[in-house]
Amino acid sequence: MTKTSLLQTAYDPEAFRSMGYQLIDELADYLATCQAGGEGMPANPWIKPDAAKQRWSPALDKVGSVSSLQILSDTLKEGVHLHHPKYMGHQISPPIPITALAGLVSDWMNNGMGVYEMGVPGSTMEHLVIKKVSKHMGFSEAADGFITSGGTLANTTALLAARSIKARQRVWTEGHKEPLALMVSEAAHYCVDRAVKIMGWGETGIIKVPVNDRYQMDTGQLEHLYQSATEAGTQVIAVVGSACSTATGSFDDLEAIATFCQQYDLWFHVDGAHGAALAFSGKYKDRVKGIELADSVAMDFHKMLLTPSITTALIFKEGTHSYQTFSQRADYLFEQADPEWFNFAKRTFECTKLMLGLKAFMTLSQYGVELWDEAVTAVMDLSQAFGEMIRNHPAFELAVEPACNIVCFRYKGNDLSVAEQNQLNEQIRQALLEDGEFYIVKTWLGEGLWLRTTLANPLSTTKELQGLLGKIEGLVPADQTV
Ligand SMILES: *Cc1c(COP(=O)(O)O)cnc(C)c1O
């Protein structure tokens with residue numbers, strides 16, 4: 001009898017089949033429980049880091065001591081449950097089943113995707129998804145782009161393209177000779193600042209535009225900030241609009257930014273990682289009006305569009321611009337209408353990447369953009385209802401009227417100083433985390449600490465939201481109860 005090698009065991013088709021069936025059963029049961037309200041299941045079964053380390057290390061101490069099915073099953077039980085209607089934490093979507101199955105196939109096939117021949121279906125689907133999404137945002141046939149690994153990378157890629165196209169100097173070949181800068185609201189996601197620093201523009205490379213009381217860029221300040229940077233010898237090449245901002249979900253006035261960019265021949269990039277998805281909601285798409293005027297737009301499918309992370313579209317109004325990210329100005333490319341759309345590595349940071357387009361392609365082929373309309377509209381409606389609930393509640397206050405599915409609020413308490421109020425809300429949030437029934441997060445806005453929810457699950461209802469407020473009231477010390 002020949003001894004079975006580890007390789008034979010690891011590749012055993014029959015073990016895979018039986019494990020796969022059992023695993024799918026568990027995942028389906030979990031989904032059914034979540035859909036029925038998630039009774040008896042915490043949204044986030046949190047434990048302290050040291051306890052988690054102790055809990056998971058035995059499986060590595062002795063190979064095979066915990067079965068693979070057990071590990072996967074425990075991971076499902078002990079991680080954050082995005083499908084749970086009481087999950088209201090960070091900005092990430094509960095995936096629909098077909099997108100997760102697509103992920104399995106993508107992982108399984110491991111087609112490299114840097115070049116067309118290393119994954120014909122995946123490359124083609126990615127292109128078709130981008131075309132469909134950009135059309136829906138209001139772009140023309142000239143628009144094109146690709147799908148990349150996250151909003152952070154998409155924004156950085158777009159800004160590299162902007163530099164290549166707008167900078168007077170030939171940075172790609174000669175390095176930086178004169179200072180460059182972009183303008184962005186002070187409420188923007190930190191990745192824009194990071195992109196500036198990665199590009200080597202330094203502290204003066206990011207001009208932070210103050211926000212108004214709704215945390216939107218105060219576009220009235222663009223002119224004087226632009227003029228003073230220019231007078232100081234900096235070439236301002238771009239303005240980044242947030243659609244929406246991360247902390248409060250506020251949308252900048254994209255039309256006003258577009259007009260300003262046209263006036264000074266600046267690149268207009270929209271960081272729509274979270275909120276560009278509103279373009280799919282018939283009811284709420286006005287909140288991103290002007291998005292089609294952008295030179296480039298980043299949009300995460302994994303924030304509002306029921307897709308596993310990380311899947312981010314980067315769309316260029318002029319598709320040909322997407323080929324200039326990793327080269328100096330290449331005017332000859334403009335002679336070609338559609339230069340090699342199928343070889344993605346020319347335009348993406350990634351060399352090897354998964355079939356990032358397959359998941360969105362599945363959704364579009366089975367349910368059409370109508371599903372995204374339903375999903376986005378549902379969480380938007382819910383956030384509007386939550387805003388109203390808080391506004392009408394004597395014990396709570398809103399940081400700002402919710403413009404997206406992100407709601408920031410806090411418990412008022414009795415005659416508290418700012419510091420005391422911050423402390424009370426910090427305690428509430430920590431108690432919620434350790435309790436696990438609901439999962440929400442927190443954010444600083446100026447001097448104040450606020451509780452923050454992202455209503456990411458279209459299956460959450462006002463019942464869970466009432467439950468959350470009730471739960472918080474139950475956690476407040478008696479002397480602070482309003
Ligand atoms: C989430 C977010 C990002 C970062 O995107 P990742 O996909 O997490 O890399 C960037 N900008 C905004 C506005 C975001 O909300």
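Residues numbered from 1 in each chain as written. Predicted model: local features only at pLDDT ≥ 70, side-chain atom pairs only at ≥ 80, totals over all residues. Heavy atoms only, no water.

Asks: How do you make sense of the overall build of the protein chain when you look at a structure like this?
Replies: Along the backbone of the protein chain there are 17 helices and eleven strands. Taking 482 residues into account, the globule formula puts the C-alpha radius of gyration at 23 Å, and the protein chain, at 24 Å, falls close to it. C-alpha extents for the protein chain along the principal axes are approximately 80 × 60 × 40 Å. Relative to its full complement of 482 residues, the protein chain shows a buried share of 51%. Once local pairs closer than 6 in sequence are excluded, the contacts in the protein chain between residues at least 24 apart make up 70%. Carbon and sulfur atoms make up 55% of the accessible area of the protein chain, which amounts to about 22,000 Å² in all. (Helix = DSSP H or I, 4+ residues; strand = E, 2+ residues; numbered from the N terminus. Rg over C-alpha atoms; globule rule 2.2 N^0.38 Å. Buried < 20%, exposed > 50% of the residue type's maximum accessible area, 1.4 Å probe, protein only. Contact = heavy atoms within 4.5 Å. Areas by Shrake-Rupley, 256 points an atom, 1.4 Å probe, with all protein chains shown as cover.)

Asks: Quick question: what am I supposed to make of the state of the cysteines here?
Replies: The full count for this structure, using the stated rule, is zero disulfides. Free cysteine cysteine 404: the closest other cysteine sulfur is in cysteine 244, separated by 3.9 Å. In this structure cysteine 408 is not part of a disulfide, and its nearest cysteine sulfur, from cysteine 244, lies 11 Å away. (Disulfide = S-S within 2.5 Å.)

Asks: Just checking my understanding: could you explain the pairing of strand E1 (residues 144-148) for this structure?
Replies: Two faces, one strand: in a regular strand the side chains alternate between the faces of the sheet. Among the five residues in E1, five count as buried, and that is most of the element. Both E1 and strand E7 (residues 312-316) contribute to a ladder of five bridges, which runs antiparallel. Pairing of glycine 145 across the sheet is with isoleucine 315, part of E7. (Pairing = 2+ DSSP bridges.)

Asks: How should the sheet that holds strand E4 (residues 235-242) be read in this particular structure?
Replies: Backbone-to-backbone hydrogen bonds pair the strands of a sheet. The strands run either parallel or antiparallel. Strands sit in the order E1-E7-E6-E5-E4-E2-E3 across an open sheet of seven strands; the sheet is mixed. Lying at the two open borders of the sheet, with one neighbouring strand each, are E1 and strand E3 (206-209). For this sheet, the mean angle separating the axes of adjacent strands, direction not counted, is 20°. In terms of strand pairing, strand E5 (residues 267-271) meets strand E6 (residues 296-300) through three bridges, oriented parallel. Paired with histidine 269 across the strands is serine 296, a residue of E6. (Axes fitted to C-alpha atoms, helices over the stretch in contact; angles between N-to-C directions.)

Asks: It is not clear to me how unusual backbone geometry should be interpreted in this structure. Could you clarify?
Replies: Backbone geometry follows two general trends: most residues other than glycine have a negative phi, and most peptide bonds adopt the trans configuration. Going from alanine 243 to cysteine 244, the amide bond is cis rather than trans, its omega being 5°. Here cysteine 244 shows up in the loop between E4 and helix H12 (254-264). Residue isoleucine 310 is bonded to the preceding serine 309 through a cis peptide linkage, with omega at -10°. A positive phi angle, near 70°, is found at methionine 113, a position not held by glycine. With respect to the element layout, methionine 113 can be found in the loop between helix H6 (97-109) and helix H7 (120-136). Taking the relative accessible area as the measure of exposure, methionine 113 reaches 1% and is therefore buried. The phi torsion at aspartate 415 lies on the positive side, around 45°, for a residue other than glycine. Given the relative accessible area of 81%, aspartate 415 is considered exposed.

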